[in-house]
Amino acid sequence: MDPEKKITRLEEVIENLLSYYPQADVDIIWKAYVYIAKAHRGQTRLSGSPYLSHPLEVAYILTQLKQDPYTIAAGLLHDTIEDTYSTAEEIRDQFGPEVELLVDGVTKISKMTFSTSEEQQAENFRKMLLAMAKDIRVILIKLADRLHNMRTILFISPAKQKEIVQETLDIYAPLANRLGIGWLKCELEELSFHCLYPDAFAGLQAKIDKGQEARDKIINEIEKVVTLELEKAVIPAKVQGRSKHLYSIYQKMERESIDFHEVYDLLGLRIITDSIRNCYAILGIIHSLWRPIPGRFKDYIALPKANMYQTLHTTVIASRGERVEFQIRTEEMHRIAEEGIAAHWRYKEGGVGEKGYDEKFVWLRHLLDWQQELKDPKEFMDTLKIDLFPEEVYVFTPKGDVKSFPFGATPVDFAYSVHTDIGNQCVGTKVNSRLVPLNYKLKNGDIIEILTNPRHTPSRDWLKFVKTCRARNKIRSWIKAEQKERSRELGREILEKQVAKYNQDPATVLKTKDLNDIAKRLNYSSVEDLLAAIGFGKITGRQVVEELIPREELEKYDKARETSPLKRLVKAVSKRAVEGAVKVKGMDDIFVRFAKCCSPVPGDFIIGYITRGRGISIHTRDCPSMAGLEYDAERKIEVEWGKKAQNAYPVRVNIGTENRPGLLGMISSAIASWDVNISWANVETFGDKTATLDFDIEITDLDQLNKVISTIKNIKGVTRVERIRNPSKYKAKIKGKRL
């Protein structure tokens with residue numbers, strides 16, 4: 001990762017372009033260069049180099065990807081809209097709509113306001129995906145831009161480095177892999193590895209260097225044996241050693257929890273021949289020379305990867321007991337493995353090259369399909385990372401068609417890939433004519449048959465094991481639709497009871513025309529949406545009733561109810577309990593209750609969850625119950641503690657102590673010293689002279705709780721103090737007593 005020592009000249013960019021595209025019109029590139037020289041005048045990079053060096057390097061990388069003059073011109077111009085006074089209209093006027101589309105596609109959304117950086121990141125990627133749909137060259141420019149930024153990443157702050165590197169590993173390296181550009185993917189990963197884990201990188205490099213001479217000697221010997229055998233068989237081929245990348249070694253060590261000396265596949269050779277027939281002939285020769293390792297043969301020629309990669313992989317035990325991996329491919333396969341999309345995406349003046357592009361990039365269409373469905377930024381980014389994950393398995397339909405899925409996919413993923421209805425109605429599956437559970441992990445070569453029942457519906461538990469974005473999104477859509485239908489029914493029931501409470505006939509009062517008018521006044525598009533909102537708890541039945549029944553009648557009835565002694569008592573108690581405790585964004589007069597699964601107290605960061613017919617449940621933001629409800633994001637609502645949140649809130653604390661006399665009294669006194677009441681206690685002693693104490697205490701806010709915990713920790717003999725978030729699931733055996 002060398003600093004920017006040498007600045008690429010435009011002449012080098014053009015020379016590289018003409019080496020693979022002799023008839024290229026370079027005038028547009030010169031024009032773009034003159035334009036950016038003026039636009040970026042006076043700007044420098046953090047390295048101190050003129051800013052102009054960056055677009056020049058991006059343009060040069062695009063020539064390595066064998067791109068056309070328009071793409072290279074767009075590479076030169078890619079930062080002008082975002083970092084200068086240039087506009088998209090100006091780029092269009094000067095360079096035409098094709099270049100303007102490419103430049104705008106890689107320009108971040110910087111003039112919009114977002115509530116979080118995650119939301120901004122998600123929207124930038126949404127924009128990029130949409131631009132990719134119009135022209136795949138957008139992502140090639142973005143990858144070239146990211147590669148040069150990674151080469152010079154040491155000049156930015158450590159915090160920003162970590163953010164960019166993680167994004168590179170999560171998104172850009174997998175994208176390069178999906179596009180089949182092997183060298184770019186590997187360089188992005190190596191640069192990320194070097195930046196993120198410099199010590200691990202240096203240590204691994206030293207270990208590789210230490211044994212390199214011995215490995216080279218073994219590779220040379222094997223290469224001579226293979227070359228001789230191929231000459232005897234009169235098979236034209238090039239045999240070359242292949243080094244394993246540091247990051248892939250590091251990943252294997254981490255994934256399998258092994259040390260460097262346990263990585264046995266450091267030795268590798270690549271054989272390039274002239275035909276598919278000879279690929280299989282070479283495979284047979286290698287297997288006749290050395291014993292193949294079972295399970296280590298992969299035929300990517302018969303079953304190509306989604307990124308068009310085709311090669312035979314096999315690992316054998318060589319004469320000295322070493323494991324050696326062979327990759328066997330044709331010249332055309334080698335070109336595709338190195339260039340990826342560039343090998344199939346050739347531009348002529350004013351047009352596109354290959355017709356088969358759509359078939360080769362079905363995954364891109366899938367990306368575009370689900371990105372339109374996902375509104376939650378975190379959900380979108382998580383799904384994007386999953387969909388770009390490179391490992392795949394290949395399975396067959398009963399008719400023999402091949403389908404590819406991410407590693408770990410299940411029959412439910414398969415069912416949804418066939419049709420949404422097949423997925424929704426899936427009740428079972430047969431793999432290789434044998435019944436298996438729906439969470440079975442698909443394996444290469446499996447033949448899958450889905451069993452359906454028209455009356456069956458998806459299970460929420462499927463979300464725990466499906467892997468594909470399509471399956472996950474279809475299940476979530478069904479769950480949301482089902483919940484909305486249930487909420488409509490509940491909303492109607494709540495509204496009818498609310499009307500009946502005022503001695504009115506629901507059938508007479510709840511006329512469709514009146515409800516339509518009320519729905520519009522309350523900003524709902526239909527009566528169904530209004531009823532669903534009542535069922536969800538977004539509005540109360542009382543709010544709708546106030547629109548239906550004259551106010552004087554409501555007040556008259558309410559006044560009569562208030563005269564009841566019991567009602568006065570209930571109102572007084574409930575008002576003292578919750579008044580002002582929590583403020584709900586955009587809502588008044590809504591019932592609020594505190595969740596027992598996390599027992600929030602004032603000072604905790606909180607979130608509201610709209611329940612059906614039971615108001616809003618208040619949880620801490622880190623509550624595990626909330627983490628499992630990502631498909632219910634629309635029912636989460638922003639809340640905050642009110643100024644009057646001075647009630648007593650129950651909190652359980654668990655204390656570990658030595659078992660000695662007087663300690664219980666000292667802890668009780670410490671709690672009482674902060675004017676805190678103890679409502680329940682339990683003591684359990686153990687044979688190793690330790691004890692566990694559980695207390696339910698009533699505190700007013702998080703600050704008071706922290707003071708109590710701090711005071712207890714300072715008592716001699718106390719070994720730990722912790723707050724128990726979910727007392728109902730607490731595993732301690734309780735034999736408590738009321739104090």
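A quick note: this is a predicted structure, and the numbers were derived from the prediction, not measured.

Conventions adopted
- Residues numbered from 1 in each chain as written.
- Predicted model: local features only at pLDDT ≥ 70, side-chain atom pairs only at ≥ 80, totals over all residues.
- Heavy atoms only, no water.
- Salt bridge = Lys/Arg side-chain N within 4 Å of Asp/Glu carboxyl O.
- Buried < 20%, exposed > 50% of the residue type's maximum accessible area, 1.4 Å probe, protein only.
- Helix = DSSP H or I, 4+ residues; strand = E, 2+ residues; numbered from the N terminus.
- Axes fitted to C-alpha atoms, helices over the stretch in contact; angles between N-to-C directions.
- Parallel < 35°, antiparallel > 145°, perpendicular 65-115°, else oblique.
- Left-handed = near helix turned anticlockwise from the far one by under 90°.
- Contact = heavy atoms within 4.5 Å.
- Nonpolar A, V, L, I, M, F, W, Y, C, P; charged D, E, K, R; others polar.
- Pairing = 2+ DSSP bridges.
- pLDDT = per-residue confidence, 0-100.
- Phe/Tyr/Trp six-rings, centres within 6.5 Å; stacked < 30°, edge-to-face > 60°.
- Lys NZ or Arg CZ within 6 Å of the ring centre and 35° of its normal.

Bringing the pattern of salt bridges into the picture now. Pairing between side chains becomes possible if they bear opposite charge and their charged atoms approach one another. Going through the model one piece at a time under the given rule, you end up with 19 salt bridges. Residue Arg 92 pairs with Glu 100 through a salt bridge whose shortest N-O separation is 3.3 Å. Residue Glu 100 is classed as buried on the basis of its relative accessible area of 13%. Asp 696 is paired through a salt bridge with Arg 652; the nearest N and O atoms lie 2.7 Å apart. With Asp 696 in strand E22 (residues 690-699) and Arg 652 in strand E20 (residues 649-658), this residue pair connects regions lying 44 residues apart in the sequence. Taking relative accessible area as the criterion, Asp 696 reaches 18% and is therefore assigned buried. Under the relative-accessibility criterion, Arg 652 is labelled buried at 9%. Taken together, the shared-partner salt bridges in this structure form one network comprising Arg 9, Glu 11 and Glu 12.

Between two packed helices, the angle of one axis relative to the other and the distance separating the axes together describe the packing. Where helix H3 (residues 53-64) contacts helix H9 (residues 137-151), the axes come no closer than 9 Å and their chain directions differ by 125°. Classified by the angle their axes make, H3 and H9 are oblique. As H3 packs across H9, the resulting crossing turns out to be right-handed. Where H3 approaches H9, its residues Ser 53, His 54, Glu 57, Val 58, Ile 61 and Leu 62 are matched on the opposing element by Leu 140, Ile 141, Ala 144, Asp 145, Leu 147, His 148, Asn 149 and Arg 151. Across the contact of H3 with H9, the residue classes tally to seven nonpolar, four polar and three charged.

As a further point, take the packing of helix H12 (residues 198-232) against helix H14 (residues 276-289). One way to put it is that H12 packs onto H14 with a least axis distance of 11 Å and a crossing angle of 125°. In this view, H12 runs oblique relative to H14, as classed from their interaxial angle. Handedness of the crossing formed by H12 with H14: right-handed. Within the contact between the two elements, H12 uses Val 225, Glu 229 and Leu 230 and H14 uses Ile 282, Ile 285 and Leu 289. Taken together, the residues that form the contact of H12 with H14 break down as five nonpolar, no polar and one charged.

Pairing geometry for strand E9 (residues 392-396) and strand E10 (residues 402-406), over five bridges, is antiparallel. Looking across to E10, one finds that Val 393 is bridged to Phe 405. Hairpin connection of E9 to E10: five residues between the antiparallel strands, including Gly 400 at a positive phi of 95°.

A low pLDDT means the predicted coordinates there should not be read in detail. Scored by pLDDT, the protein comes out at a mean of 79, with 78% of its residues at no less than 70. Here strand E24 (residues 737-738) stands out as the least confident element of the protein, with mean pLDDT 36; H14 is the most confident, with 94. In this model, residues 1-5 is a region of pLDDT below 50 whose contacts with residues beyond four sequence positions or in other chains number 16 contacts. Note that residues 109-116 has pLDDT below 50 and, in this model, nine contacts with residues that lie over four places away or in other chains.

With that settled, consider the sheet that holds strand E12 (residues 434-436). Strands sit in the order E12-E11-E13 across an open sheet of three strands; the sheet is antiparallel. One side of each edge strand has no neighbouring strand; the edge strands of this open sheet are E12 and strand E13 (448-452). With strand direction ignored, the average angle separating the axes of adjacent strands in the sheet is 35°. Across the face of the sheet, helix H19 (residues 411-418) comes into contact with strand E11 (426-431) and E13 while running at roughly 80° to E13.

Scanning all chains against the criterion turns up 14 aromatic pairs. Where Phe 193 meets Phe 201, the ring centres are 5.4 Å apart and the plane angle is 65°; that geometry is what we call edge-to-face. In this structure Phe 201 comes out as buried when scored by relative accessible area, which is 16%. Among the aromatic residues, those joined into a ring-pair cluster are Phe 193, Tyr 197, Phe 201, Tyr 247 and Tyr 250. Seen from the ring of Phe 95, Lys 31 lies directly overhead, with NZ or CZ sitting 5.3 Å from the centre. A cation sits over an aromatic face here: Arg 652 above Trp 680, 4.4 Å from the ring centre.

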